[in-house]
Amino acid sequence: MTTPQIEAFLEMMAVERDASPHTIAAYARDLADAEAGLGAGGLMCADEAGLERWYASLSSRGLSAATAARRRSAVRQFYRFCLGEGWRGDDPSRRLDAPKQGRTLPKTLSTEEVSRLLTACARRDGASGLRLVALVELAYASGLRVSELLALRLEAVQRDPSFLILRGKGGKERLAPLNESARGAVKAWLVARNAARPESAPDSPWLFPSTASSGHLTPRRFAQMLDRAAIDAGIDPARVSPHVLRHAFATHLLEGGADLRVVQTFLGHADIATTQIYTHVATDRLNQIVANHHPLARDE
């Protein structure tokens, strides 16, 4: 059960720091885990030893270093908030060391694999195929986060724009590019979308409407659709997800010679260090191409 102090912290994150609902939900889960793992008194009564035992238990439970780091960050921010509010006079989380994390490169797809995936999507009959092609084309052409993609409003594409105007994390606006292929896929989907709507029914404001409580297609449903398309394309579905399409967008731009700052802007990254990981992916892939295809790199 969420304590009043945790509720106040989450409210502060939402109101004062403009954290997204996704971020708020992640903080709530992380603090709930700590609250349950610390036993009687929870976070408000924990001492340094108890907090260190809980933190050490994360790895023994099989949680990744990235998850442990996120939970450490949530707990530390919570205690800083408590200090500011005068609810505690100390910070028992100050001795928690960040877990060591190896460099995990993002999963991506080759341009040939993206082409096969789109071909598999296009093989589907009717409006469902046109919708899936539009989804994949938009994700790959613009590097949208899945939440941004599925929450696109109809008005955003009705005038066939070359760029989408998005409001991303922290309420910051950015431009996301649309190529001719993506724009053509959207046009085809709009025709099918309009034809499928009964004349007497009010139109949905969403580009990809559904019967879900949100009114638009859910990330889970989109991921399921991608899984089937990946299998049809002969690609391991574990390698394909909405976020992998965003990775492919960034990686292929850099492989094509795009400036890192431009890619940072398109992805909506506040820190260019977040974008730089794609340079490692692009370099690794280019080195592999040279090793496989350059005549002097081949074994005799």
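Residues numbered from 1 in each chain as written. Predicted model: local features only at pLDDT ≥ 70, side-chain atom pairs only at ≥ 80, totals over all residues. Heavy atoms only, no water.

J.: It is not clear to me how the overall build of the protein chain should be interpreted in this structure. Could you clarify?
T.: When you go through the protein chain residue by residue, the secondary structure sums to 13 helices and 2 strands. Sorting the 300 residues of the protein chain into buried and exposed places 43% on the buried side. In the protein chain, the proportion of contacts linking residues at least 24 apart, taken out of those at least 6 apart, comes to 60%. In the form shown here, the protein chain has an accessible surface area of approximately 16,400 Å², with 52% of it arising from carbon and sulfur atoms. (Helix = DSSP H or I, 4+ residues; strand = E, 2+ residues; numbered from the N terminus. Buried < 20%, exposed > 50% of the residue type's maximum accessible area, 1.4 Å probe, protein only. Contact = heavy atoms within 4.5 Å. Areas by Shrake-Rupley, 256 points an atom, 1.4 Å probe, with all protein chains shown as cover.)

J.: What am I meant to see in the pattern of salt bridges here?
T.: Think of it this way: side chains of opposite charge can pair up when their charged atoms draw near. Scanning the model with the defined rule gives 17 salt bridges in all. Across the pair Asp 33 and Arg 61 runs a salt bridge whose closest N-O atoms are separated by 2.6 Å. With Asp 33 in helix H2 (residues 21-37) and Arg 61 in the loop between helix H4 (48-60) and helix H5 (65-85), this pair connects stretches of sequence that are 28 residues apart. Several salt bridges converge on common partners, so that one network encompasses Asp 30, Asp 33, Arg 61, Arg 70 and Arg 71. (Salt bridge = Lys/Arg side-chain N within 4 Å of Asp/Glu carboxyl O.)

J.: Just checking my understanding: could you explain the packing of helix H7 (residues 126-142) against helix H11 (residues 242-255) for this structure?
T.: Axis angle and axis distance: for two packed helices, these are the angle between their axes and the distance between the axes, and together they describe the pair. Interhelical geometry of H7 versus H11 gives an angle of 40° and a closest axis separation of 7 Å. By the criterion of interaxial angle, the relationship of H7 to H11 is oblique. Taken as a pair, H7 and H11 cross one another with a handedness that is right-handed. Only Leu 245, Ala 248, Phe 249 and His 252 of H11 make contact with H7, whose side of the interface consists of Val 136, Ala 139, Tyr 140, Ala 141 and Ser 142. Here the residues of the contact of H7 with H11 sort into 7 nonpolar, 2 polar and no charged. (Axes fitted to C-alpha atoms, helices over the stretch in contact; angles between N-to-C directions. Parallel < 35°, antiparallel > 145°, perpendicular 65-115°, else oblique. Left-handed = near helix turned anticlockwise from the far one by under 90°. Nonpolar A, V, L, I, M, F, W, Y, C, P; charged D, E, K, R; others polar.)

J.: Please clarify how H5 should be interpreted in this entry.
T.: Counting along an α-helix, one turn takes 3.6 residues, and residues three or four places apart therefore face a common direction. Compared with an ideal rise of 1.5 Å per residue, which puts 21 residues at 30 Å, H5 spans 30 Å between its outermost C-alpha atoms and is within 8% of the ideal. Considered for burial, the residues of H5 that qualify are Thr 67, Ala 68, Ala 69, Arg 71, Arg 72, Ala 74, Val 75, Gln 77, Phe 78, Tyr 79, Phe 81 and Cys 82. For H5, the elements touching its buried residues are helix H1 (4-15), H2, helix H3 (42-45) and H4. At the exit of H5 stands Gly 86, carrying a positive phi of roughly 80°. (Expected span 1.5 Å × (residues − 1).)

J.: Would you mind showing me how to read the pairing of strand E1 (residues 163-167) here?
T.: The two faces of a sheet get side chains in turn, since along a regular strand they alternate between them. Burial along E1 is one-sided: the residues Leu 164 and Leu 166 are buried and none of Phe 163, Ile 165 and Arg 167 is. Where E1 lies against strand E2 (residues 173-177), 5 bridges are found, and the strand directions are antiparallel. If you follow Leu 164 over to E2, its bridge partner there is Ala 176. (Pairing = 2+ DSSP bridges.)

J.: For this particular structure, what's the right way to read the nonpolar core?
T.: In summary, soluble globular proteins display a tendency toward joint burial of nonpolar side chains. Counting 45 residues, the largest nonpolar core has Leu 135, Leu 149, Leu 207, Phe 208 and Phe 222 as the members making the most contacts within it. Among the secondary structure elements, those contributing two or more residues to this core are helix H6 (111-122), H7, helix H8 (146-150), E1, helix H9 (180-196), helix H10 (219-232) and H11. Ranked by residue count, the leading element in this core is H7, at 9 residues. Counting residues in each nonpolar core, the second largest holds 26 residues, with Met 12, Ala 19, Tyr 27 and Leu 38 among its members. (Core = buried A, V, L, I, M, F, W, Y, C linked by side-chain atoms within 4.5 Å.)

J.: Mind showing me how you'd approach the packing of H1 against H5 here?
T.: It is at 10 Å that the axes of H1 and H5 come closest, and there the two elements cross at 100°. In terms of axis orientation, H1 runs roughly perpendicular to H5. Of the residues in H5, those in contact with Gln 5, Ile 6, Ala 8, Phe 9, Met 12 and Met 13 of H1 are Ala 74, Gln 77, Phe 78 and Phe 81. Its residues assigned to classes, the contact of H1 with H5 comprises 8 nonpolar, 2 polar and no charged.

J.: Any chance you could explain the packing of aromatic side chains here in plain terms?
T.: Between two aromatic rings, the relevant description is the distance of the centres plus the angle of the planes. Tallying each qualifying case throughout the model produces 8 aromatic pairs. Taking the centre distance of 6.3 Å and the plane angle of 55° together, the rings of Phe 249 and Phe 266 count as tilted. Here the residue Phe 249 occupies a position in helix H11, and Phe 266 occupies one in helix H12 (residues 260-267), the gap between them amounting to 17 residues. Using a relative accessible area of 17% as the deciding quantity, one classes Phe 266 as buried. The structure contains a cluster of three or more aromatic residues connected by ring pairs, namely Phe 9, Tyr 27, Phe 78, Tyr 79, Phe 81 and Trp 87. If you follow Arg 153 out to its NZ or CZ, it ends over the ring of Trp 206, 4.8 Å from the centre. (Phe/Tyr/Trp six-rings, centres within 6.5 Å; stacked < 30°, edge-to-face > 60°. Lys NZ or Arg CZ within 6 Å of the ring centre and 35° of its normal.)

J.: Would you explain the environment of Ser 162 in this entry?
T.: Mapped onto the elements, Ser 162 comes out in the loop between H8 and E1. Taking the C-alpha atoms as reference, Ser 162 lies 7.8 Å from Arg 183; in sequence the two are 21 residues apart. In contact with Ser 162, other than residues within four places in its own chain, are Ala 176, Pro 177, Leu 178 and Arg 183. Separated by 3.4 Å, the side chains of Ser 162 and Arg 183 make a polar contact. (Polar contact = N/O pair within 3.5 Å; in protein donor to acceptor, adjacent residues only side chain to side chain.)

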